Amino acid sequence: MKYADINGASLAYDISGEGEPLIFVHGFLANATGEYYAELKKILACSYRVHFLDMRAHGGSAAVTENVTLDRCARDIVAFADVFHLGKPYLVGHSMGGFLSIAAAMLHPDRFRALALLTPAGSKGQQNPEAVITEFMAARKSRESMDQMFGEMFVSPPGQEGLDICRESALRMPDAIAERWMREEWPNSDLTDGLASIGLPVLSLIGAKDVVVPPQRQYEDMMLMPKAKVVTFTEEGHMLPVEKPEICATEILRFFQDLP
């Protein structure tokens, strides 16, 4: 793991593989530099030079607690591509990382080659009920509760080692920032009106058993983009890139390699 000065913040990153540049953006409470997406990262690095970036307050960048906003994170992705002179990299994002990939493409549509969105967060956030926020914050103090929370995101929950990776990654983010994201940052986010402006080729992989982001919402978002391709897996859920990295990578590689 290395660090780069991105928009005045020291952000963690890793680089692996050879070929055309690709940036991978992790989901909320996850990380790109650790073992969270180990198998998917390994497969992608066989075909591309992949840059794994930890967003502010996540993973190796957990110490960065200033300006931890969705807008700033999207701008960090663009700045990262500039700092490393990546030209027009491919951009792959899971969950929140999908939302951030869309936001980055809206900010600078000429900076990216194409997007691959893996069970992406909806383009517009919703207010979380107080009971949900209270339960979420209380779960962070209990290993059993966190294991249950993450386990429910999988169609087939992983063993304890896999749950440990999810839990430990989530706890890297300070409580105050996690709560603010639940109360303010995510509920006040909205990219919907800009979806039609994205002229890049976009691949969206949807898990029909997603219990985190409603599959119908993901589909509706993609239908607003002029060059979107949607692939739905009937037996998969929100953790598709962790649970089934092979089929996930197969679709990503096919989509990128078939582009003109």
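Everything here concerns the structure above.
Small disclaimer: the values here were computed from a predicted structure and weren't measured. (Residues numbered from 1 in each chain as written. Predicted model: local features only at pLDDT ≥ 70, side-chain atom pairs only at ≥ 80, totals over all residues. Heavy atoms only, no water.)

**Student:** Requested: an account of the packing of helix α4 (residues 130–139) against helix α7 (residues 175–185), with residues and values cited.
**Tutor:** For the pair α4 and α7, interaxial distance at closest approach is 10 Å and the crossing angle is 160 degrees. Considered as vectors, α4 and α7 are oriented roughly antiparallel to each other. Crossing geometry of α4 relative to α7 is assigned as right-handed. Residue-level inspection shows Glu130, Val132, Ile133, Phe136 and Met137 of α4 in contact with α7, the latter providing Asp175, Ala178, Glu179, Met182 and Arg183. In the contact of α4 with α7, the residues fall into six nonpolar, no polar and four charged. (Axes fitted to C-alpha atoms, helices over the stretch in contact; angles between N-to-C directions. Helix = DSSP H or I, 4+ residues; strand = E, 2+ residues; numbered from the N terminus. Parallel < 35°, antiparallel > 145°, perpendicular 65-115°, else oblique. Left-handed = near helix turned anticlockwise from the far one by under 90°. Contact = heavy atoms within 4.5 Å. Nonpolar A, V, L, I, M, F, W, Y, C, P; charged D, E, K, R; others polar.)

**Student:** Outline the packing of aromatic side chains, listing residues and values.
**Tutor:** Here the structure, examined in full by the defined rule, presents twelve aromatic pairs. Here Tyr13 and Phe84 contribute two aromatic rings whose centre-to-centre distance is 4.9 Å and whose plane-to-plane angle is 65 degrees, an arrangement assigned as edge-to-face. Remark: Phe84 occurs in the loop between α2 (70–83) and β5 (90–94) and Tyr13 occurs in strand β2 (residues 9–16); sequence separation between them is 71 residues. Using a relative accessible area of 8% as the deciding quantity, one classes Tyr13 as buried. Of the aromatic side chains, those joined through ring pairs into one cluster are Phe24, Tyr36, Tyr37 and Phe52. Its end group placed over the ring of Phe52, Lys41 keeps NZ or CZ at 4.7 Å from the ring centre. (Phe/Tyr/Trp six-rings, centres within 6.5 Å; stacked < 30°, edge-to-face > 60°. Buried < 20%, exposed > 50% of the residue type's maximum accessible area, 1.4 Å probe, protein only. Lys NZ or Arg CZ within 6 Å of the ring centre and 35° of its normal.)

**Student:** I'd love a proper account of helix α6 (residues 160–170), names of residues and values included.
**Tutor:** Of all the positions in α6, only Leu163, Asp164, Cys166, Arg167, Ser169 and Ala170 are classed as buried. In the core, the buried residues of α6 are packed alongside α5 (143–151).

**Student:** Help me get a handle on the pattern of salt bridges, residues and values and all.
**Tutor:** Inspection of the entire model under this criterion finds 18 salt bridges. For Asp76, the salt bridge identified is with Arg56, shortest N-O distance 2.5 Å. Here Asp76 is found in helix α2, whereas its partner Arg56 is found in the loop between β4 (49–53) and α2, with 20 residues between them in sequence. The same class applies to Asp76 and to Arg56, which are both buried. Between Asp82 and Arg111 there is a salt bridge, and its shortest N-O distance comes to 2.4 Å. A residue pair is termed long-range when its members are at least 10 positions apart, and Asp82 in helix α2 and Arg111 in the loop between α3 (96–107) and β6 (115–118) qualify at 29 residues. Accessibility expressed as a relative area gives 40% for Asp82, which makes it partly exposed. Ionic contacts of the salt-bridge type, sharing partners, join the residues Arg143, Asp147, Asp164 and Arg167 into one network. (Salt bridge = Lys/Arg side-chain N within 4 Å of Asp/Glu carboxyl O.)

**Student:** Tell me about the sheet that holds strand β7 (residues 202–207), and please be specific about residues and values.
**Tutor:** With mixed pairing, the eight strands of this open sheet are ordered in space as β1-β2-β4-β3-β5-β6-β7-β8. Where the open sheet ends on each side, the last strands, each with one partner, are β1 (2–6) and β8 (228–233). Here the average twist between neighbouring strands, direction ignored, is 25 degrees. In this sheet, β4 lies alongside β2 in antiparallel orientation, the contact comprising four bridges. Across the sheet, the residue bridging to Tyr13 is Leu53, located in β4. Along the sheet, α2 makes contact with β1, β2, β3 (21–25), β4 and β5, crossing β1 at roughly 105 degrees. (Pairing = 2+ DSSP bridges.)

**Student:** I'd like to hear about the side chain of Asp221, residue by residue, with values.
**Tutor:** Looking at the element boundaries, Asp221 is found in helix α8 (residues 215–223). Overall, the relative accessible area of 4% leaves Asp221 in the buried class. In terms of polar contacts, Asp221 uses its side chain to reach the backbone amide nitrogen of Ser123, at 2.8 Å. Once residues lying within four places of it in the same chain are set aside, the contact partners of Asp221 are Ala121, Gly122, Ser123 and Leu195. (Polar contact = N/O pair within 3.5 Å; in protein donor to acceptor, adjacent residues only side chain to side chain.)

**Student:** How would you explain the nonpolar core if you had to name every residue and give the values?
**Tutor:** By size, the foremost hydrophobic cluster in this structure holds 87 residues, and its most contacted members are Phe24, Ile77, Leu100, Phe150, Leu205, Ile252 and Phe256. When residues in this core are grouped by element, the largest group, eight residues, is from α2. Residues in contact with Leu205, not counting those within four places in the same chain, are Leu117, Leu118, Thr119, Pro120, Gln218, Val231, Phe233, Leu240, Cys248, Glu251 and Ile252. (Core = buried A, V, L, I, M, F, W, Y, C linked by side-chain atoms within 4.5 Å.)

**Student:** Talk me through the pairing of β7; I want residue IDs and the actual numbers.
**Tutor:** β7 sits mainly inside the fold: six of its six residues count as buried. Bridge count for β6 against β7 is four bridges, and the pairing is parallel. Residue pairing for β7: Leu117 is matched across the bridge by Ser204. In this sheet, β8 lies alongside β7 in parallel orientation, the contact comprising six bridges. What sits directly across from Val202, in β8, is Ala228. Taken together, β7, α8 and β8 form a β-α-β motif whose crossover is right-handed. (Right-handed = clockwise from strand over helix to strand, strands pointing away.)

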